[in-house]
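Okay, here's what each chain looks like letter by letter:
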Amino acid sequence: MARWNLAAASVVLGALTTAALAQTTGLKDVYRDDFQIGVALGGKLPDSYSRAEIQMIVNQFNAVTPENCMKPQSVHPQENVWTFDEADALVQFARDHHMAVYGHALVWHNQTPTWFFEDGAMPASRELALQRLKEHIQTVVGRYKGQIRSWDVVNEAISDGPAEYLRKTKWLTTIGPDYIDQAFRMAHEADPDVELQYNDYNIENGVKHQHAMKLLRGLKERGIPITSVGIQGHWLLDRIPYSDIETAIDDFQQLGLKVSFTEVDLDVLPRHTNGADVGSKEMPNASLALSGTALDDVLKRQADQYARLFRLFDQRKAVIERVTFWGADDGRSWLNTWPSHRENHALLFDRQFQPKPAFFAVINALTPPPAPGQ
Ligand code: GLA
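Predicted, not measured: the structure shown is a model, and the values here were computed from it.

With that settled, consider the pairing of strand β1 (residues 36-41). Counted residue by residue, β1 has six buried out of six residues, so it is predominantly covered. Of the two faces of β1, the one lined by Gln36, Gly38 and Ala40 and the one lined by Ile37, Val39 and Leu41 are each fully buried. Alignment of β1 against strand β11 (residues 320-325), held across four bridges, turns out to be parallel. Paired with isoleucine 37 across the strands is valine 323, a residue of β11. Pairing analysis gives four bridges linking β1 to strand β2 (residues 63-66), with the strands arranged parallel. Counted as the bridge partner of alanine 40 is threonine 65 from β2. Taken together, β1, helix α4 (residues 51-60) and β2 constitute a β-α-β crossover, and its handedness is right-handed.

The next subject is the pairing of strand β6 (residues 150-155). The buried fraction of β6 amounts to six of the six residues, a majority that puts the element mostly inside the structure. By the bridge criterion, four bridges tie strand β3 (residues 100-107) to β6 in an arrangement that is parallel. The residue bridging valine 107 from the neighbouring strand is valine 154, located in β6. The sheet contact formed by β6 and strand β7 (residues 195-200) spans five bridges and is parallel. Bridging across to β7, valine 154 finds its partner in tyrosine 198.

For the rest of this paragraph, the subject is the packing of helix α7 (residues 126-143) against helix α9 (residues 179-190). At a minimum axis distance of 9 Å, the contact between α7 and α9 shows a crossing angle of 35°. Along this stretch, α7 crosses α9, giving a crossing that reads as right-handed. Contact with α7, carried on its side by Arg126, Leu130, Leu133, Lys134, Ile137, Gln138, Val141 and Gly142, involves Tyr179, Gln182, Ala183, Met186, Ala187, Glu189 and Ala190 of α9 and no other residues of that element. Looking at the contact of α7 with α9 residue by residue, the class counts come to nine nonpolar, three polar and three charged.

This part is about the packing of aromatic side chains. In this description, an aromatic ring pair is defined by two values, namely the gap between the centres and the angle between the planes. What the rule picks out here adds up to 19 aromatic pairs. Here phenylalanine 117 and tryptophan 171 contribute two aromatic rings whose centre-to-centre distance is 4.7 Å and whose plane-to-plane angle is 75°, an arrangement assigned as edge-to-face. Pair noted here: phenylalanine 117 is in the loop between β3 and β4 (118-119) and tryptophan 171 is in helix α8 (residues 170-175), with a separation of 54 residues, a long-range link. By relative accessible area, phenylalanine 117 is classed as buried at 9%. Judged by centre distance (5.1 Å) and plane angle (50°), the rings of phenylalanine 349 and phenylalanine 359 are tilted. With a gap of 10 residues between them, phenylalanine 349 in the loop between β11 and α13 (357-363) and phenylalanine 359 in helix α13 connect regions that are remote in the sequence. An identical accessibility class is assigned to phenylalanine 349 and phenylalanine 359; each is buried.

So, how was this worked out
- Residues numbered from 1 in each chain as written.
- Predicted model: local features only at pLDDT ≥ 70, side-chain atom pairs only at ≥ 80, totals over all residues.
- Heavy atoms only, no water.
- Buried < 20%, exposed > 50% of the residue type's maximum accessible area, 1.4 Å probe, protein only.
- Helix = DSSP H or I, 4+ residues; strand = E, 2+ residues; numbered from the N terminus.
- Pairing = 2+ DSSP bridges.
- Right-handed = clockwise from strand over helix to strand, strands pointing away.
- Axes fitted to C-alpha atoms, helices over the stretch in contact; angles between N-to-C directions.
- Left-handed = near helix turned anticlockwise from the far one by under 90°.
- Contact = heavy atoms within 4.5 Å.
- Nonpolar A, V, L, I, M, F, W, Y, C, P; charged D, E, K, R; others polar.
- Phe/Tyr/Trp six-rings, centres within 6.5 Å; stacked < 30°, edge-to-face > 60°.

Honestly, that's just the spatial picture; any functional story needs more than this.
Spelled out as structure tokens, the structure:
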């Protein structure tokens, strides 16, 4: 286990160059015996990233999730049009840098073109939607057979409110509730060796956790080939539900599933919207920008809370396969534009790709502090 001195590190923080960082131990090395450390990457690889940023990425992470380029809207914008350029480039990048690829996502209500659900001017029938779903899954999963560790087969199918169980999506209304079973079966048929995951936010607590248990238990009982559950982990500063997370990991493990934290970030700015529904938006509030001691204070709290999270993950490492950050550094985070435009600081690296206090806290999370006088 690498040992970084947090106090010393914060003194040199400003001076630590990317080149120096590239030669130091990365997160992936510190947690190598626990779980993979992943990152979501967007755009075209490697061209959409500077050399310095790429250097940081390959030094720190050993797994990659495509932020957008494998979603239906990106790869399959029209029924007979397939666009795999960015997805192919991401898979090649991962191979070049010995990173595992986690496919995301086959079935989702967002970033999915409407043609899936239309038949000319009429809504598509169940049969037509199922046929399209099958062709989509067979083509995408088939193309990357053997190159992808696990697929997010279904993303965010559970409703946010307590009253409803499944989210009322076009998939649900066109096919019916068995669209989830069908999608897993189709993915398994396309690649019998790939791991298959259900992925969602807020499934670690409250009614949504109960609904997730109902969904996952049902899938297992019906023999659907699901292997893991992804807890997205879009959390808020001071509001990480630690004990719910522990319980959720244990509950999912009892169903015979592995667990991954698939989209981790820690929003440091206040907002009304909870969860991570990309459909919810708020009015911009420019006064939320942080600087000086206010920013220092927030970054310190963020560091402590990330460290506690990683200690929790470490205690459950037998069931956790991967912890993936949703973006490489603060400049890349979706939280700069959702739920409104603001300058956020949600990840472990800043806008210059330099390690933040949270990075050092996570690197040191498993190392006991030095005894007094040492
Ligand atoms: C959800 C999706 C991700 C991404 C984020 C927002 O969590 O699963 O693919 O779109 O929203 O960036």
